[in-house]
Amino acid sequence: MKLIIGGAFQGKKEYAREHFSLSKEEMIDGKDAEYEDIFHCRCMYHFHEWVKKGLEKKWDFENLAEKIQKENPNLIVISNELGYGVVPVSAFDRKYREGTGRLCTQLAAKSQQVIRVVCGLGMVIKNA
C-alpha cells in the first residue's frame with residue numbers, strides 16, 4: 001500500500017499518475033465510491049471524501065488499514081490533509097476531520113511508502 005497526502009490542489013493525483021503509471025481508468029474518486037470499492041481499485045483519490053461519505057452512512061472503519069493490507073495490498077490512497085487551520089464549529093465536521101486524520105495515520109503505519117506532495121513535488125516521508 002502507498003499513501004499520498006498533501007494540501008488541496010497540490011498535484012497529488014497528477015503526481016500519482018506520473019510516478020506510478022496509472023491510467024485514469026485505474027483511479028476511482030472517493031466521493032463517488034462505495035465502501036467495497038477501496039478493496040478492489042488500484043488507486044483511490046479524494047480518500048477524505050470517501051471517509052466523509054462513510055461517516056454519513058455509518059460505515060465500519062474498524063481495522064480498515066488491516067483489511068486493506070489483506071485484501072488490496074497494492075492500493076494507492078490519495079488524501080487531503082485536513083488537520084490544519086481553524087477547528088470546525090460543526091460536531092460532524094470535527095468528527096470527519098479527526099476520523100480522516102486517524103485513518104490516514106493507520107494507513108501510513110501499514111503503507112510501504114508515504115509521500116507528501118506540495119506544489120507538485122513529492123517528498124518521500126516513509127519508504128519501508
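Residues numbered from 1 in each chain as written. Predicted model: local features only at pLDDT ≥ 70, side-chain atom pairs only at ≥ 80, totals over all residues. Heavy atoms only, no water.

Visitor: I tried to follow unusual backbone geometry on my own but got confused; where do I start?
Guide: Generally, phi is negative for residues other than glycine and the peptide bonds are trans, each holding for most cases. Positioned with a positive phi, Phe9 is a non-glycine residue whose angle comes to about 60°. Within the secondary structure, Phe9 sits in the loop between strand S1 (2-6) and helix H1 (12-19). Although it is not a glycine, Asn63 sits at a positive phi angle of roughly 60°. Along the chain, the position of Asn63 falls in the loop between helix H2 (47-57) and helix H3 (64-71). (Helix = DSSP H or I, 4+ residues; strand = E, 2+ residues; numbered from the N terminus.)

Visitor: Sorry, what's going on with the pairing of strand S4 (residues 76-80) here?
Guide: Consecutive residues of a regular strand have side chains that alternate between opposite faces of the sheet. A large share of S4 lies buried, amounting to 5 of its 5 residues. Where burial is concerned, the two faces of S4 agree: the one with Ile76, Ile78 and Asn80 and the one with Val77 and Ser79 are both buried. Relative to S4, S1 is paired through 5 bridges, and the arrangement is parallel. Each residue of the ladder has a partner; that of Gly6, found in S4, is Asn80. As paired strands, strand S3 (residues 43-45) and S4 are joined by 2 bridges and run parallel to one another. For Cys43, the partnering residue across the bridge sits in S4 and is Ile76. (Buried < 20%, exposed > 50% of the residue type's maximum accessible area, 1.4 Å probe, protein only. Pairing = 2+ DSSP bridges.)

Visitor: I tried to follow the sheet that holds strand S2 (residues 27-29) on my own but got confused; where do I start?
Guide: With respect to topology, 6 strands assemble into an open sheet ordered S2-S3-S4-S1-S5-S6, the strand pairing being mixed. The open sheet is flanked by S2 and strand S6 (121-127), the only strands paired with a single partner. Strand after strand, the sheet turns through a mean of 20° between neighbouring axes, direction not considered. Relative to S3, S2 runs parallel, the two sharing 3 bridges. (Axes fitted to C-alpha atoms, helices over the stretch in contact; angles between N-to-C directions.)

Visitor: Which parts of the structure should I look at to understand a positive patch on the surface?
Guide: Together, Lys13, Arg17, Lys24 and Lys31 give the surface a local cluster of positive charge. Positionally, Lys13 belongs in helix H1. Of the residues examined, Lys13 reaches a relative accessible area of 32% and is grouped as partly exposed. (Patch = residues over 30% accessible without salt bridge, like charges linked within 9 Å, V, L, I, M, F, W, Y side chains within 5 Å. Areas by Shrake-Rupley, 256 points an atom, 1.4 Å probe, with all protein chains shown as cover. Salt bridge = Lys/Arg side-chain N within 4 Å of Asp/Glu carboxyl O. Lys, Arg positive; Asp, Glu negative; His and termini not counted. Charge placed at Lys NZ, Arg CZ, Asp CG, Glu CD.)

Visitor: Whenever I open this one, the side chain of Thr100 confuses me. Can you help?
Guide: In this structure, Thr100 sits in helix H4 (residues 91-110). Classification of Thr100 as buried rests on a relative accessible area of 2%. Excluding its chain neighbours within four sequence positions, the residues that come into contact with Thr100 are His48, Val51, Ser79 and Leu82. (Contact = heavy atoms within 4.5 Å.)

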